[in-house]
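Chain by chain, the residues:
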Amino acid sequence: MWFYEKALQFPVRVSKCDVRMAKFLFEAYGGPNGPLSQALCYLNQRYTMPPQVIGILNDIGTEELAHLEMIATMIYKLTKDATVEQLVEAGLGGYYAEHGRDLFYQNAQGVPWTASYIQAVGDPIANLNEDIALEERGRAMYQSLIDLTDDEDLKDALNFLREREIVHSLRFREAVEILKAGVSQCD
């Protein structure tokens, strides 16, 4: 069952129109290490995971959807007052020609999101280790995005997302230990 709270998980504020930063944020919106890839990976893997860790995958996967909503809000707020000329100047002219002001799942270089970004290898521990790596790559991506902006309001939300990646990585590490403990108990 899903319950949708009509509020972002963390408030998203921006101090100015910044189309250049919005373009960089597309890496989080539709790139291989962003919350779309994370959410779909974890929510897909949960179906074949041992019962002891399904809840962890479900919790983190659904939280990543909330993070995707935050990224979309950031991009919207950074571009809502931009002129077409500003979009073109920031390298988003082709994007605007194809999508207008609608958001489209692509990375910062304009490559559309693909299901090849997510992993499912048929082994719970291997999948969880991939999930740990995905969270660590997400943490690094958010740090790079923080480094690319001088907007303190935007940095607050990006810092929140970076910290959640660390928590998720720790939760997946716990899940690996739960499964390893279960395997050794059966030997």
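These lines cover the structure that appears in this document, whether it is placed above or below. What you see is a predicted model; the values in this text were computed from it and never measured.

### What to know about the packing of helix 1 (residues 19-30) against helix 6 (residues 124-147)
- Remark: helix 1 packs on helix 6, axes separated minimally by 10 Å, with the N-to-C direction vectors making an angle of 175 degrees. Classified by the angle between their axes, helix 1 and helix 6 sit roughly antiparallel to one another. Taking contact as the criterion, the partners of M21, F24, L25, E27 and A28 in helix 1 are, on helix 6, M141, Y142 and L145.
- Class assignment for the residues of the contact of helix 1 with helix 6 results in seven nonpolar, no polar and one charged.

### Examining a nonpolar patch on the surface
- A cluster of nonpolar side chains, V84, V88 and Y96, forms an exposed patch at the surface whose accessible area comes to about 230 Å².
- Turning to its location among the elements, Y96 is positioned in helix 5 (residues 93-99).

### A short note on the pattern of salt bridges
- Per the counting criterion, the structure on display carries nine salt bridges.
- With a shortest N-O distance of 3.7 Å, K80 and D81 are connected by a salt bridge.
- Its relative accessible area of 42% is what places K80 among the partly exposed residues.
- R139 is the salt-bridge partner of E136, the closest N and O atoms lying 2.8 Å from each other. In this pair, E136 and R139 both sit in helix 6, three residues apart, roughly one turn of the helix.

### Remarks on the packing of aromatic side chains
- Tallying each qualifying case throughout the model produces six aromatic pairs.
- Judged by centre distance (4.7 Å) and plane angle (15 degrees), the ring pair of F10 and F160 falls under stacked. Highlighted residues: F10 in the segment before helix 1 and F160 in helix 7 (residues 152-186), separated in sequence by 150 residues.
- Exposure remark for F10: the relative accessible area of 23% places this residue in the partly exposed category.
- A relative accessible area of 18% means that F160 is categorised as buried.
- Taken together, a centroid distance of 6.1 Å and an interplanar angle of 85 degrees make the contact between W113 and Y117 edge-to-face.
- Overall, the relative accessible area of 22% leaves W113 in the partly exposed class.
- Each member of the aromatic cluster is reached from another via a ring pair, and the members are F26, Y29, Y95 and Y105.

### Section: helix 1
- Under the 1.5 Å per step criterion, the end-to-end length of helix 1 is 17 Å for 12 residues, consistent within 8% with the ideal 16 Å.
- Burial analysis of helix 1 places nine of its 12 residues in the buried class, the great majority of the element.
- Among all positions of helix 1, only V19, M21, A22, L25, F26, E27, A28, Y29 and G30 are buried.

### Digging into the packing of helix 2 (residues 35-45) against helix 6
- Put simply, helix 2 and helix 6 touch, their axes get as near as 11 Å, and they point 165 degrees apart. Relative to helix 6, helix 2 is oriented roughly antiparallel. Classified by chirality, the crossing of helix 6 by helix 2 is left-handed. Judged by residue contacts, P35, S37, Q38, C41, Y42 and Q45 of helix 2 engage N127, D131, L134, E135, G138 and Y142 from helix 6.

Analysis parameters
Residues numbered from 1 in each chain as written. Predicted model: local features only at pLDDT ≥ 70, side-chain atom pairs only at ≥ 80, totals over all residues. Heavy atoms only, no water. Axes fitted to C-alpha atoms, helices over the stretch in contact; angles between N-to-C directions. Helix = DSSP H or I, 4+ residues; strand = E, 2+ residues; numbered from the N terminus. Parallel < 35°, antiparallel > 145°, perpendicular 65-115°, else oblique. Contact = heavy atoms within 4.5 Å. Nonpolar A, V, L, I, M, F, W, Y, C, P; charged D, E, K, R; others polar. Patch = residues over 30% accessible without salt bridge, like charges linked within 9 Å, V, L, I, M, F, W, Y side chains within 5 Å. Areas by Shrake-Rupley, 256 points an atom, 1.4 Å probe, with all protein chains shown as cover. Salt bridge = Lys/Arg side-chain N within 4 Å of Asp/Glu carboxyl O. Buried < 20%, exposed > 50% of the residue type's maximum accessible area, 1.4 Å probe, protein only. Phe/Tyr/Trp six-rings, centres within 6.5 Å; stacked < 30°, edge-to-face > 60°. Expected span 1.5 Å × (residues − 1). Left-handed = near helix turned anticlockwise from the far one by under 90°.

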